[in-house]
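Remarks on the overall topology
Spelled out, the chains give:
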Amino acid sequence: DDTQDYYEELLGNGIFVSDGEQWRVHRKIMSNMFSRNLLRRTSEVTLSKLEQIASIFLDGMDTETGEVAVDLQDMFFSNDI
């Protein structure tokens, strides 16, 4: 099929363009990456990091004007986030 050949050239022969046994193998590998515990832990870490970022912005906020002054370069290159 021309469409499958096109997508295989674009995406390789991974889960999105494979069928049959090859698809089952890819699906089995991918299913382990989306376990409930892994997704829960990922969301916990993401929430923690977002709270840290919000804290940095709130610390840099002028309470009278609501303007925020934050050194983004320092924030991006720090090991704290």
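Relevant structure appears above.
Treat the numbers as computed from the prediction; the structure is a model and nothing was measured.

Right, let's talk about the overall build of the protein for a bit. Along its length, the protein carries four helices and zero strands. Reading the protein from its N end, one meets helices and strands in the order α-α-α-α. Dimensions of the protein, computed from the C-alpha atoms along their principal axes, are close to 65 × 30 × 20 Å. Residue burial in the protein is summarised as follows: out of 81 residues, 4% are buried.

We now examine the environment of Lys-28. Mapping Lys-28 onto the fold places it in helix α2 (residues 20-33). According to the relative accessible area criterion, Lys-28 is exposed, its value standing at 57%. For Lys-28 and Phe-76, which are 48 residues apart along the polypeptide, the C-alpha to C-alpha distance reads 36 Å.

So, on to the environment of Gly-20. Relative to the helices and strands, Gly-20 resides in helix α2. Taking the C-alpha atoms as reference points, Gly-20 and Asp-62, 42 residues apart in sequence, are found 60 Å from one another.

As a further point, take a negative patch on the surface. On the surface, Asp-2, Asp-5, Glu-8 and Glu-9 cluster together to form a negatively charged patch. Take Asp-2: it is sitting in helix α1 (residues 2-11).

This part takes up a nonpolar patch on the surface. Taken together, the side chains of Phe-57, Leu-58, Met-61, Val-68, Leu-72, Phe-76 and Phe-77 make up a nonpolar region of the molecular surface, amounting to roughly 710 Å² of accessible area. Tallying contributions element by element places helix α4 (residues 72-77) first for the nonpolar patch, with three residues. With respect to the element layout, Phe-76 can be found in helix α4.

Another point: the pattern of salt bridges. In total, this model carries two salt bridges according to the counting rule given. With its nearest N and O atoms 3.4 Å apart, the salt bridge here joins Glu-21 to Arg-24. With Glu-21 and Arg-24 both in helix α2 and three residues apart, the pair spans about one turn of that helix. Among the salt bridges present, the one from Arg-41 reaches Glu-44, with a minimum N-O distance of 3.5 Å. A residue pair is termed a helical-turn pair when its members lie 3 or 4 positions apart in one helix, as Arg-41 and Glu-44 do in helix α3 (residues 36-59) at three residues. Taking the relative accessible area as the measure of exposure, Glu-44 reaches 42% and is therefore partly exposed.

What counts, and at which threshold
- Residues numbered from 1 in each chain as written.
- Predicted model: local features only at pLDDT ≥ 70, side-chain atom pairs only at ≥ 80, totals over all residues.
- Heavy atoms only, no water.
- Helix = DSSP H or I, 4+ residues; strand = E, 2+ residues; numbered from the N terminus.
- Buried < 20%, exposed > 50% of the residue type's maximum accessible area, 1.4 Å probe, protein only.
- Patch = residues over 30% accessible without salt bridge, like charges linked within 9 Å, V, L, I, M, F, W, Y side chains within 5 Å.
- Areas by Shrake-Rupley, 256 points an atom, 1.4 Å probe, with all protein chains shown as cover.
- Salt bridge = Lys/Arg side-chain N within 4 Å of Asp/Glu carboxyl O.
- Lys, Arg positive; Asp, Glu negative; His and termini not counted.
- Charge placed at Lys NZ, Arg CZ, Asp CG, Glu CD.

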